[in-house]
Amino acid sequence: MINSGAVDVGKTTVRRLTRVLYGDDFEREHGPWRRFAADGLFRARPDAPPGERLSLAYERLRAVNGAIDSPAALAADPRGVAALHEWLAPIDPSFTTVAGIHYNLFLGSLLDLDHAADGDPGAAERDLTEFLTLRRIGTFLCTEVAHGNDAVALETTATYDRARDGFVLHTPHAGAQKFMPNTSTTGGAKSGVVAARLLVDGADHGVFLFLAPLTDGARPLPGVRVRLLPERFGSPLDHCVTSFDRVFVGRDALLGGVRGRLGQVAGDGAFSSAERNRRRRLLVSIGRVNAGKLSMSAGALGGARVALALAVRYGGHRLITGPRASERVPVLAHRSHHGPLTGGLATVFAMTLLHRTVVDAWEARTEENRGETERLVAVAKGWITWRAREIIVECRERCGAQGLLEHNGMTEMLANIEGAITAEGDNTAIYAKAAAELLFSARIPAPGTVPAPGTRPDAARDADPDGARDTNADAHPVVEADPDAGADPGECDANYVSLELSDTGHLGDLLLAVEQLWLDRARRRMGRAPQGDPLVRWNAASGAALRAVEAHAYRRAAEAYTAAGRKLWERERGDTEPGAEPGSAPSSAPGSAPALLRSLHLLFALQWIDRNSGDLLAHGLLAPRHLDELPEAIERLIAELATYAPALVESFALPEEMLADRPIAGPGYTDAYDDPEGAWTVPEAPSRCSACHGTPPPSAPLSDRFHVVHRLLRFINTLRNLPH
């Protein structure tokens, strides 16, 4: 139990947990962005007016662009752009927004769709120098006032002009104005990748991307109209509505893919494409939105970790009256305070490990599994950003009124997580798409079945080598579940009667069961809905289907925990950790890295199972005794992990310079509110020697130099006024 302090686990354990969170290549992948986070360039300036903060975001973009080895390499590396968001979004979300748009959506689209392919010297290659050097900043114009997630219905047009051999961009009505791109003149001259409907001789060939200059740094170019939107909730950004009045761009403006793979228009107006499906062409064209989802997840991760670090540190040095009037204890000592934060720590580890898994999957995707990987990226984005909001809200509340002050950083993180929830696809919309796919996925076990414990086909087993089990995906036995009523109350399937809540492998089976139960429920509801109206059928199933997607995310996060636990165990067993003693065995002692990771995993899984225990009991997958044991097991884990909360926060490896910007991060947080002219600073001069009194201090603050002199004079005057 936390009382006056926390358990010191040592630097080695902290370093091992840091490696669990950030992987084996921390320095290459995260080191540069961590150093930027510690640099004076990225010190927080919460008191600056919005316009100044926006200009600062673009100044930081130029500074970072000049400092990195290769802007083109960064644009080609979604992992690197995600790491940029992970470390710098908690400091300056305005910067990471403009950086993500420039490097990922703009430059990334140019590199993916229009740059020379390896081994293909005949492919088109555009000169990107002005964008790589930031002589022109790139932006991305896709969504419109009337069209957001339904990009296939965009109405901005790009009409082929045979006489001039180019395209005419035009906005036909108010609803087709491009909505929210950062197209103002702030930051310098800008160009944009514009999503528009390609029209050739009246024939509509679907939506493509076109490169178009927008501003010259002082004003919009002829035919381009840019109007600032009202200030948004959160950090300042130059969101605008942008429209085109018959703006001509050359034929090379069309981003048709290498060798016109997606689409090209010949001089005689003949359109051709190797991809016949319009929707597929659009999805490939705006494919960088998927990499953008990785960045949104990463920024949310970073914010959640910083919020937890602030809340845990503040809770440790905010002292309140203890059980005895003379005793002072940290507020973090109370279960009502550290309980939610400890649950948040277990969740943020899960979020981080899932994100690493998803980034790896994205980089390793093939054409065969591309759809499945895109679904995983989308589900992870929705789940991570929603969990981040829950964590940040909880941390803000745990910090009380201090959490409401801008200079402590919580309010900005809370406001900007809302942007991440909406950006690159609204969470509910991408969950709905994933739900529809899971409903008809052959990879999910058949309706009405859940796997028996220890036989889940795709679960990575517990890190304990003694608990390893066969995970043959081709022949896994199942336990039949009543599709309507479940099992009789109190009757648990024999396979689950002996389930121990400390077995993460069995808990993983239950997480899959929760997912399957919600999918079964969605299918039954769809089957009972009237035939002939797809919307009615979907509405009947959607509530349960969305719950299934949430369960899917929890399962994948738990599997990421298991894989990380096994990797940590094997690393320690192989003595590959720097500084490990030769021949040393993996430690499962309390406070060791494997033990802490296992406890975090258990707490994460049990809290989710507890939320779904009614369904699991009804279907015979939990016994009545488990419902009594669940809250007790969760309480024990919270009590254990709470003592290690400061060490777990330390494993986040956040730079002290970053945290020092937030007064509540340090034990001297009251100093931020000290008043140099307060009555407590210098004793009042005794009234009996009024002839010796100095001039009272001015009400306005003085400069540092004069302030020191003034305090010295007052001190001397006080000495003079002591009783003679």
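These numbers were taken from a predicted model, which means no experiment stands behind them.

Undergrad: Give me the lowdown on the overall build of the protein chain, citing residues and values where you can.
TA: Check the secondary structure of the protein chain and you find 23 helices and 16 strands. Counting only residues that meet the buried cut, the protein chain has 54% of its 724 residues in that class. Considering only residue pairs separated by 6 or more positions, the protein chain has 75% of its internal contacts joining residues 24 or more positions apart. Roughly 31,100 Å² of accessible area belongs to the protein chain as shown, and the carbon and sulfur atoms make up 54% of that amount.

Undergrad: With reference to specific residues and values, describe helix α12 (residues 370-398).
TA: Between its first and last C-alpha atoms α12 spans 42 Å; for 29 residues at 1.5 Å apiece the expected length is 42 Å, and the two agree. Most of α12 is tucked away, with 22 of its 29 residues classed as buried. Just beyond α12, the residue with positive phi is G400, at close to 60 degrees.

Undergrad: Residues and numbers for the packing of aromatic side chains, please.
TA: The full count for this structure, using the stated rule, is 18 aromatic pairs. The interplanar angle of 80 degrees and the centroid separation of 4.9 Å between the aromatic rings of F106 and F131 together place this pair among those described as edge-to-face. With F106 in helix α7 (residues 93-114) and F131 in helix α8 (residues 129-132), the pair connects residues that are 25 residues apart, well separated along the chain. Residue class for F106 comes out buried when judged on its relative accessible area of 0%. Overall, F131 belongs to the buried group, its relative accessible area being 3%. An aromatic cluster of three or more residues is present, and its members are W383, Y554, Y561, F604 and W608.

Undergrad: Describe the side chain of D161, naming the residues involved and giving the relevant values.
TA: With respect to the element layout, D161 can be found in strand β2 (residues 157-161). On the basis of relative accessibility, which here comes to 18%, the residue D161 falls in the buried class. Within polar-contact distance, the side chain of D161 engages the side chain of R164 at 2.9 Å. Beyond its immediate sequence surroundings of up to four residues, D161 is in contact with G166, V168 and F248.

Undergrad: I'd like a rundown of the pattern of salt bridges, residues and numbers included.
TA: Pairing is possible between side chains of opposite charge, provided their charged atoms come close. For the coordinates displayed, the defined rule picks out 43 salt bridges. The closest approach of N and O atoms between D252 and R126, which form a salt bridge, is 3.9 Å. Residue D252 is found in the loop between β9 (247-250) and β10 (254-255), and its partner R126 is found in the loop between α7 and α8; the two are separated by 126 residues along the sequence. Owing to a relative accessible area of 16%, R126 belongs among the buried residues under this scheme. With a shortest N-O distance of 3.8 Å, R556 and E559 are connected by a salt bridge. With R556 and E559 both in helix α17 (residues 534-573), this residue pair falls three residues apart, about one helical turn.

Undergrad: Go over the packing of helix α14 (residues 427-439) against α17, please, and point to the residues and values.
TA: Where α14 contacts α17, the axes come no closer than 8 Å and their chain directions differ by 95 degrees. Taken together, the axes of α14 and α17 lie roughly perpendicular to each other. Each of T428, Y431, A432, A434, A435, A436, L438 and L439 in α14 lies in contact with α17, whose residues at this interface are W538, A545, L546, V549, E550, H552 and A553. Classifying every residue of the contact of α14 with α17 by side-chain character gives twelve nonpolar, two polar and one charged.

Undergrad: Residues and numbers for the pairing of strand β8 (residues 240-244), please.
TA: In terms of burial, β8 is a largely internal element, five of the five residues being buried. Of the two faces of β8, the one holding C240, T242 and F244 and the one holding V241 and S243 are both buried throughout. Looking at chain direction, strand β4 (residues 178-179) and β8 are connected through two bridges and run antiparallel. Its bridge partner being in β8, F179 is matched across the sheet by V241. As paired elements, strand β7 (residues 224-228) and β8 share five bridges and run antiparallel to each other. Looking at the pairing, V224 lines up with F244 of β8.

Undergrad: Describe the nonpolar core, naming the residues involved and giving the relevant values.
TA: Formed by 182 residues in total, the largest nonpolar core has its most connected members in W33, L88, F349, W383 and F652. In contact with W383, not counting residues within four places along its chain, are A350, M351, L354, Y431, E550, A553, Y554, A557 and F604.

Undergrad: I'd love a proper account of the sheet that holds β4, names of residues and values included.
TA: Across the sheet, three strands lie side by side as β4-β8-β7; this open sheet has antiparallel pairing. Two strands close off the open sheet at either side, each with one partner strand: β4 and β7.

Undergrad: An account of the environment of L221 is requested, with residue identities and associated values reported.
TA: Relative to the assigned elements, L221 resides in the loop between β6 (203-215) and β7. Sequence separation between L221 and K190 is 31 residues; the distance between their C-alpha atoms is 10.0 Å. Look past the residues within four positions of L221 in its chain and what remains in contact with it is P213, L214, T215 and D216.

Undergrad: Explain the pairing of strand β3 (residues 166-170) to me, and be specific about the residues and the numbers.
TA: Counting buried positions over the five residues of β3 gives five, a clear majority of the element. Between the end of β2 and the start of β3, which pair antiparallel, lie four residues, with D165 showing a positive phi angle near 55 degrees. Pairing of β3 with β9, which is carried by four bridges, proceeds in the antiparallel orientation. The residue bridging G166 from the neighbouring strand is G250, located in β9.

Undergrad: Give me the lowdown on unusual backbone geometry, citing residues and values where you can.
TA: You will see that R246, though not glycine, has its phi angle at about 55 degrees, which is positive. Its location among the elements puts R246 in the loop between β8 and β9. The exposure class of R246 is exposed, given its relative accessible area of 56%. The backbone of E424 sits at a positive phi, close to 55 degrees, despite the residue not being glycine. Topologically, E424 is positioned in the loop between α13 (410-422) and α14.

Undergrad: Describe the environment of F271, naming the residues involved and giving the relevant values.
TA: Here F271 is to be found in strand β12 (residues 271-272). Residue F271 is classed as partly exposed on the basis of its relative accessible area, which comes to 21%. Residues within four places of F271 in sequence aside, it is in contact with L198, H205, F208, L262, G263, Q264, V265 and R281.

Undergrad: Kindly report on the packing of α12 against α17, identifying the contributing residues and their values.
TA: Across the interface, α12 lies against α17 with an axial gap of 10 Å and an inter-helix angle of 90 degrees. Of the possible angle classes, the one that applies to α12 and α17 is roughly perpendicular. Contacts from L376, V379, W383 and R387 in α12 reach V549, E550, H552, A553, Y554, R556 and A557 in α17. Per-class residue counts for the contact of α12 with α17 are seven nonpolar, one polar and three charged.

Definitions and limits used
Residues numbered from 1 in each chain as written. Predicted model: local features only at pLDDT ≥ 70, side-chain atom pairs only at ≥ 80, totals over all residues. Heavy atoms only, no water. Helix = DSSP H or I, 4+ residues; strand = E, 2+ residues; numbered from the N terminus. Buried < 20%, exposed > 50% of the residue type's maximum accessible area, 1.4 Å probe, protein only. Contact = heavy atoms within 4.5 Å. Areas by Shrake-Rupley, 256 points an atom, 1.4 Å probe, with all protein chains shown as cover. Expected span 1.5 Å × (residues − 1). Phe/Tyr/Trp six-rings, centres within 6.5 Å; stacked < 30°, edge-to-face > 60°. Polar contact = N/O pair within 3.5 Å; in protein donor to acceptor, adjacent residues only side chain to side chain. Salt bridge = Lys/Arg side-chain N within 4 Å of Asp/Glu carboxyl O. Axes fitted to C-alpha atoms, helices over the stretch in contact; angles between N-to-C directions. Parallel < 35°, antiparallel > 145°, perpendicular 65-115°, else oblique. Nonpolar A, V, L, I, M, F, W, Y, C, P; charged D, E, K, R; others polar. Pairing = 2+ DSSP bridges. Core = buried A, V, L, I, M, F, W, Y, C linked by side-chain atoms within 4.5 Å.

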